[in-house]
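Topology and contacts: notes
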Amino acid sequence: MSKIEFSAEQKAALCQQLKTYVAEELDHEIGQFESEFLLDFITERIGPHFYNKGVSDAGAVVASRFEDITHALYEIEAAV
């Protein structure tokens, strides 16, 4: 798996979302440094689990579509 990275704009937006969430849900204010630290933790430790789940789900969709294609090819195969 390649390293999960965000552009500066994406990182700023995600940090702002974390700051808002912590303020609204936990009634605690965090600064930019804390939000970046939290984002880095989530990205490095939790992100790969979400990434792998996405890859697994995509693989299941591709496998299902491949089954459909195989079935369609069998249907149009000429009888010998």
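Our structure's up above, just so we're on the same page.
Presented here is a report on the structure given in the accompanying data block. Everything quoted here is computed from the prediction, not taken from an experiment.

Rules used in this analysis
Residues numbered from 1 in each chain as written. Predicted model: local features only at pLDDT ≥ 70, side-chain atom pairs only at ≥ 80, totals over all residues. Heavy atoms only, no water. Salt bridge = Lys/Arg side-chain N within 4 Å of Asp/Glu carboxyl O. Helix = DSSP H or I, 4+ residues; strand = E, 2+ residues; numbered from the N terminus. Buried < 20%, exposed > 50% of the residue type's maximum accessible area, 1.4 Å probe, protein only.

**Looking at the pattern of salt bridges**
For the structure shown, the criterion picks out two salt bridges. Put simply, K11 and D40 hold a salt bridge, and the shortest N to O gap is 3.3 Å. On the criterion of sequence distance, the pair formed by K11 in helix α1 (residues 8–26) and D40 in helix α2 (residues 32–76) is long-range, its members being 29 residues apart. The exposure class assigned to K11 is partly exposed, which follows from its relative accessible area of 27%. With its nearest N and O atoms 2.9 Å apart, the salt bridge here joins K53 to D57. Here K53 and its partner D57 are both found in helix α2, four residues apart, which amounts to about one turn of the helix.

**Structural notes on the environment of A72**
Summarising the element assignment, A72 is placed in helix α2. Residues A72 and K11, 61 residues apart in the sequence, show an inter-C-alpha distance of 45 Å.

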